[in-house]
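If you want the building blocks of each chain, they are given just below.
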Amino acid sequence: MNPLLEARHLTKSFPGVVALRDVSFDLRAGEIHALCGENGAGKSTLIKTLSGIHPFGSYEGEILVDGKRAEFRSLRDAEAAGLAVIYQELALVEEMSVAENIFLGAERRRGPWVDWDRAYADAAELLARFRIELDPDTPVRDLGVGQKQLVEIVKALNKRSRILILDEPTAALAEHEVAILLRIVRELRATGVGCIYISHKLGEVKSLADRITVLRDGASITTLPAAEADIPTIIRHMVGREIKDLFPRNVGQAASLPGGTTGGRPVSSGSSLLQVQNLSASPDAESPARLQNISFAVAAGEVLGIGGLMGAGRSELLQHLFGAWGVRQGGEVTLGGDAYPEPTPRESIRRGLVLVTEDRKRLGLHLEQPIGFNLSLSSLDRLNPGTFLDETAEEPANRRFFDALRIKAPGLETVVGGLSGGNQQKVVLGKALMTEPQVVFLDEPTRGIDVGAKLEVYHLINELTAQGKAVVLVSSELPELMGMSDRIVMLHEGRVGGEFTRDQFNQEALLAAAMGNQSTVAG
Amino acid sequence: MTTTAPALPAAPRPSAASTRELIMPAMLALIWILFALLSPQFLSPRNLSMLMIELSVTATLAVGVLLVLLPGHTDLSVGAGAGLMGGTAAVLVNQHGWSAPLALLVSFVVGLTLYAGLGWFIVKNRIQAFIATLGGLLTFKGVFWLVIQSHTVPVTRDGRDNLYSLLTTYYLSPAAGWALAAAVVALLVFLQSRARARRRAIGARVEDFEVAYLKTFIAAQGIALVVLVCNQFRGVPLSFVILCAVATAVHTLTRHTPFGRHLYAIGGNEEAAVISGVPVGKTVIIAFTLLGGIVAITGFMQTAYIGNSTTTVGDLMELDAIAACVIGGTSLKGGRGSVLGALFGALIMASLLNGMTLLAVSPELKFIVRGLVLAFAVWMDVRFGKK
């Protein structure tokens, strides 16, 4: 019998990066096939290729459905062939009811009109079939994340999908919601639906899946029956790579950046510039805490790495401390020796704390504006003590950072939107550093930039610490985190999963901490 | 427009943008040539003086509205607000016997206060400016009619001219006009050379002396031409001087202060602005407050132009102002636009209206033509604005 879905020798490249190398993969009817791998291993690319988001022709190799060659040019093509993808980012219309969402794009009709009675009846029936206790009348905005996920699944099933792809479906769910979701996935398997299941929760994967495929660096490393795979083995396959000397963490380097000391000796550690104690915070006043009981400290001249899986709360932690996310529920923060209970971005910058965000296009840059506008935006108050802009202060400041960061562009007047990712990132970094900060938060500072630019960012981190600044580095890439940090705090579901000093760095241990030490629990 | 501030040497821009920047002057030239051919009176000193007064009203308001369009907001209430502030001052003068300067000052402060409140309401409650100012439009309109008791209230008492009535009827004497022009040119030269000296001091690139000289020379000639034409009629209209003052102030604010940078930053990418430490709420409230002052000034000029406050003063002015900004290249999403552009847009709208009135075009057709020109300008902007 032919597999339901098969990928043969898929290779998918982006400019400068090979995201998938010769990956072969198959999914049988009535099977749950789990995909495991670190962030950036190629899971998302594989799914996007299988589901037509990377259209036919943009990859090498072939995709077969029921043994027949498929050429999906869009997600719609893939859906027509019986494939449904349920993403982490939900694709529901918040203002519509459950029933309206389920039938969105496939409205129940009577002639030219929507047959609402039938839509609501059918929705109720579908929900009942999977024993989901939801009123089809409820507006989706009133549902919790888990309930929304279930609505998404029902919506997919309504399209009579035979192949279901679930991308981290339980990342944001509470325990009892996870149970409902896993039950439904198992019931679907029994009806012959094939399911590709992506999850970082290895315990869940092992108990649910029939087979497990591990991806690493875009290649498929192994496919094993779940029964034969124990969790340490899976982790070893996931990590598996040796760290080359790509990470030049160098503690004693001389500073050459504007505003730095010239001594070249690191400020001796011990004086902590930022101290966080028992911090808890939630997205808004009503929600449960997303960050719980977090404590850490960063000293002058030190790089503190913060790791964790997607959704562990790394970005939220940085943004919260900076004043751009959430409501504090408890805990104490000390910045440069002073208590700092109510952060706002403006106040943080004034006190010498600056954040370089992960999403540079959305949160970091004014893409339509020139480089100079972006570089000095956070420093206008400092550069212009009077009423009017002082060009004689601003332009030299811009010029210094433009040169020191080696931004490759015709000049300060070049519009930022046209620069390469690496150069855009340098502009964001320059904007942050021009504020003369003492504590620098870097959230995924090397995401989406090429190797050369990455190295420059690493050198920059060294220079910052050489100047006696404290750096907090968030990264999804464990090798980067281990290569550049002096200490690492791993977050797990909004809590500290473990703290490691440099001599304790070990990929397996870090990953286990990020997963809440499941290996010891479930292994 | 020739008195706009001290410009620092213009930045080199991508070619798509410069195409876009040439469209508006070309359109304006086309409109003027067309009207000049169809009606000989169009270019007469008398008509051009009238056009300048009409322009003063539309353009002043457009420059004010620009302040809230830049950070991505909008304001539909400015027409009703202009009526209200003009009416309040008229009632104080005509019915309560206040002196005109005091009445104007009080009404101006009312304008600042109302719009500060409006801005605060929008910022604190995160209400869309479109809806909040639509509410403002209706409320201000009602209060306006209450204030003037839905009657016609002259801006004078016992028919004697006062500061209020003179806003659009006073003309600078020829000598005063020349003196003012000379002062403005001298100021331009001073600011220009100071900016050059400063740039040279920090080792920045300085425009060739010839280019800078030529620019200043052309600006001076433009100013002289305006005074010359005006002096052939009655002199430079006071309202035009007011427009130039307001436009210069707003230009300086938007281009040469941190506040102005913040306006562009908020409109371009509000989330990034917040992360960059821009005081978003405060900046937007200040923008609305300043707009309130400009709305009051516009209301005074428009009411004075008509001669009395009636229920229709200010009708549809908000749309003219927004249209002028958009024709001048302002993005309704925020982050893009300039005082110079808004002035150009206002000049196009005012010229159209003035020329069509000269040609005795029916009111119906006037509306249709203005609508089509607006649509055309936006289409051109989209067509040539993409990079």
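Basis of the calculations
Residues numbered from 1 in each chain as written. Chains lettered and ligands numbered in written order. Predicted model: local features only at pLDDT ≥ 70, side-chain atom pairs only at ≥ 80, totals over all residues. Heavy atoms only, no water. Contact = heavy atoms within 4.5 Å. Buried area = accessible area lost by both parts, 1.4 Å probe. Salt bridge = Lys/Arg side-chain N within 4 Å of Asp/Glu carboxyl O. Polar contact = N/O pair within 3.5 Å; in protein donor to acceptor, adjacent residues only side chain to side chain. Helix = DSSP H or I, 4+ residues; strand = E, 2+ residues; numbered from the N terminus. Core = buried A, V, L, I, M, F, W, Y, C linked by side-chain atoms within 4.5 Å. Buried < 20%, exposed > 50% of the residue type's maximum accessible area, 1.4 Å probe, protein only. Phe/Tyr/Trp six-rings, centres within 6.5 Å; stacked < 30°, edge-to-face > 60°. Pairing = 2+ DSSP bridges. Axes fitted to C-alpha atoms, helices over the stretch in contact; angles between N-to-C directions.

A common way to report how large an interface is uses the accessible area buried once the components associate. Across the contact, 29 residues belong to chain B and 31 residues belong to chain A. Of the roughly 2500 Å² buried where chain B meets chain A, counting both sides, 60% is carbon and sulfur surface. When the buried surface of chain B facing chain A is broken down by residue, B:Arg261, B:Ile275 and B:Ser276 rank first, second and third, together holding 27% of it. Viewed at the interface, chain A and chain B are joined by four salt bridges. B:Arg199 serves as the salt-bridge partner of A:Glu395, at 3.5 Å between the closest nitrogen and oxygen. Between chain B and chain A we count 14 residue pairs in polar contact (both at pLDDT 80 or more) in total. Within the residue set of the side of chain B that touches chain A, elements represented by two or more residues are helix H7 (174–201), helix H9 (238–256), helix H10 (258–268) and helix H11 (270–275) of chain B. The greatest single-element share of the side of chain B that touches chain A, amounting to seven residues, is contributed by H10(B).

What follows concerns the nonpolar core. Counting residues in hydrophobic clusters, the biggest one holds 132 residues, and the most contacted among them are A:Ile212, A:Leu274, A:Phe296 and A:Ile371. When near neighbours in sequence (up to four residues on either side) are disregarded, A:Ile371 contacts A:Phe402, A:Ile407, A:Ala409, A:Gly411, A:Leu412, A:Thr414, A:Val416, A:Leu419 and A:Val427. Counting 111 residues, the second-largest nonpolar core is a separate cluster that includes B:Met27, B:Ala89, B:Leu243 and B:Val280.

Looking now at the packing of aromatic side chains. All names here are of chain B. Tallying each qualifying case throughout the model produces ten aromatic pairs over all chains. Judged by centre distance (5.6 Å) and plane angle (90°), the rings of Trp 32 and Phe 42 are edge-to-face. Linking Trp 32 in helix H1 (residues 15–38) with Phe 42 in the loop between H1 and helix H2 (45–69), this pair joins segments that are ten residues apart in sequence. Their ring planes at 25° and their centres at 6.1 Å tell us that Phe 209 and Tyr 213 sit as a pair that is stacked. Placement of both Phe 209 and Tyr 213 in helix H8 (residues 209–232) is noted, with a separation of four residues, approximately one turn of the helix.

This next bit is on the sheet that holds strand E5 (residues 68–70) of chain A. Residue and element names in this part refer to chain A. Read from one edge to the other, the open sheet built from four strands follows the order E2-E1-E4-E5, with strand pairing classed as antiparallel. Every interior strand has two partners, whereas the edge strands, strand E2 (17–27) and E5, have only one. Each neighbouring strand pair of the sheet contributes to a mean axis angle of 30°, computed without reference to strand direction. Pairing of strand E1 (residues 5–14) with E2 involves seven bridges; the strand directions are antiparallel. Looking at the pairing, Ala 7 lines up with Phe 25 of E2. Strands in contact with helix H1 (residues 43–50) are E1, E2 and strand E4 (60–65); relative to E1, the strand with the most contacts, it is inclined by about 115°.

It is worth stressing that arrangement in space is one thing and function is another; only the former is reported here.
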